[in-house]
Amino acid sequence: MVTETRPPGTSPGPDLVAVGRPRRSPLRSAQRRAGWILVLPAALALSLVTIVPIGYGFYLSLTSYNPVERGGPRFHGLDGYLAVLQSGEFWHAIWITVQYSFGTLILAVPAALALALLVNGRFPGVALFRAVLYLPRVVPLVAVSMIWLWLYSHDGLFNYVLDLVGLPPVDFLTDEDTALVSLIGMRAWKALGGSMIIFLAGLQAVPVSLLEAASVDGCGRWRTLRHVILPLLVPITTYVVVVDLIYLAQSFSEIYVLTSGGPLSSTTVLNMLIYNEAFEHYRLGNASAMAFLLFCLIFGLAYLSIRTMARGGRR
């Protein structure tokens with residue numbers, strides 16, 4: 001309490017300052033109650049369509065459940081997770097998922113940065129050029145997969161071009177050696193537009209004063225790119241890599257349309273294996289356990305990517 005010096009017998013003046021817990025305004029309390037009332041319907045809907053299914057899926061991952069067989073789920077704890085971790089199919093799917101995800105990133109991220117540098121300048125038609133490059137991002141993935149299914153077919157455009165130059169046709173999607181590479185090429189093309197826009201936003205946020213200072217110091221374009229622009233783009237690159245990695249680790253639609261996991265399981269990523277376990281073999285307990293292990297994989301990859309990029313940025 002901070003007291004005020006005043007003559008004896010006088011009452012405290014209006015300037016008396018009390019230091020203590022501030023009283024909560026009735027208006028603020030009413031606003032808070034109104035906020036909770038407005039949020040409650042969305043929170044209930046989120047719980048019904050998200051939290052409840054996730055909880056039930058985790059319960060199923062602790063059981064042995066086949067809806068075709070009689071009887072309900074039989075609880076067995078973590079034995080299902082141990083069985084999945086000892087499965088060769090699971091680790092094969094993990095390896096295919098890692099190859100598919102990082103192969104796509106290796107192609108898409110540098111290409112997206114190069115395109116962003118290309119369209120960062122001012123020249124006639126640059127807006128149209130940016131829109132055309134971004135167009136694959138807004139096309140649904142299933143529609144893109146159908147187009148590339150024709151391109152990769154035996155009578156498709158790619159084999160037609162190979163025939164024009166005198167080369168034999170290639171079984172892009174039916175050969176074990178080329179199927180995964182073909183999927184990576186398609187997915188990298190699909191990811192170019194979105195990553196390019198993010199890199200372009202980062203390039204346009206680079207302070208002009210730094211570029212002018214580099215030019216005054218005699219730095220050419222390559223040295224300016226290497227020592228000024230790329231270090232400033234480390235947070236942008238971190239975001240692009242982590243977000244694309246999370247999406248790629250959950251890939252399913254394009255693989256289901258193009259190869260369905262074949263040939264000989266050469267393109268069976270983890271999501272494809274989960275689908276097969278759940279809807280072809282009806283082993284919902286195993287499928288749920290794999291789904292939660294996929295979550296752990298995505299979380300671990302994102303964490304490692306952020307730490308690696310942050311460490312590289314501090315250097």
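Here is what the cut-offs are and how they apply
Residues numbered from 1 in each chain as written. Predicted model: local features only at pLDDT ≥ 70, side-chain atom pairs only at ≥ 80, totals over all residues. Heavy atoms only, no water. Buried < 20%, exposed > 50% of the residue type's maximum accessible area, 1.4 Å probe, protein only. Helix = DSSP H or I, 4+ residues; strand = E, 2+ residues; numbered from the N terminus. 1 Å grid on protein atoms, 1.4 Å probe; cavity = no way out; pocket = protein on both sides within 12 Å on 5 of 7 lines; lining within 4 Å. Points joined across faces, edges and corners; volume = space filled by probe spheres on them. Nonpolar A, V, L, I, M, F, W, Y, C, P; charged D, E, K, R; others polar.

Participant: Before we move on, can you summarise unusual backbone geometry with the specific residues and values?
Facilitator: Looking along the chain, the bond that leaves Gly262 and enters Pro263 is cis, with omega of -5°. Within the chain, Leu264 stands out as a residue other than glycine whose phi angle is a positive 55°. Judged by its relative accessible area of 69%, Leu264 falls in the exposed class. In this model, Tyr282 sits at a positive phi of 60°, which is unusual for a non-glycine residue. Considering the arrangement of structural elements, one finds Tyr282 in the loop between α12 (270–279) and α13 (284–314).

Participant: Describe the layout of surface pockets, listing the residues and the values that go with them.
Facilitator: Considered as a void within the structure, the largest pocket measures approximately 410 Å³ in volume. What lines the largest pocket is a set of 14 residues, and nearest its centre among them are Leu117, Asn120, Leu211, Thr224 and Ile229. Counting only elements with at least two residues in the lining of the largest pocket, the list comes to α7 (179–204), α8 (208–216) and α9 (221–232). With four residues, the single largest contributor to the lining of the largest pocket is α9. Roughly 310 Å³ of internal volume is contained in the second largest pocket. Considering the residues around the second largest pocket, the lining is formed by 13 residues, among which Ile54, Ser288, Ala291, Phe292 and Phe295 are closest to the centre. Secondary-structure elements contributing two or more residues to the lining of the second largest pocket are α1 (26–61), α12 and α13. Looking at the lining of the second largest pocket element by element, the count peaks at six residues for α13. In terms of residue class, the lining of the second largest pocket is made up of nine nonpolar, four polar and no charged.

No statement about biological role is implied by the geometric values presented.
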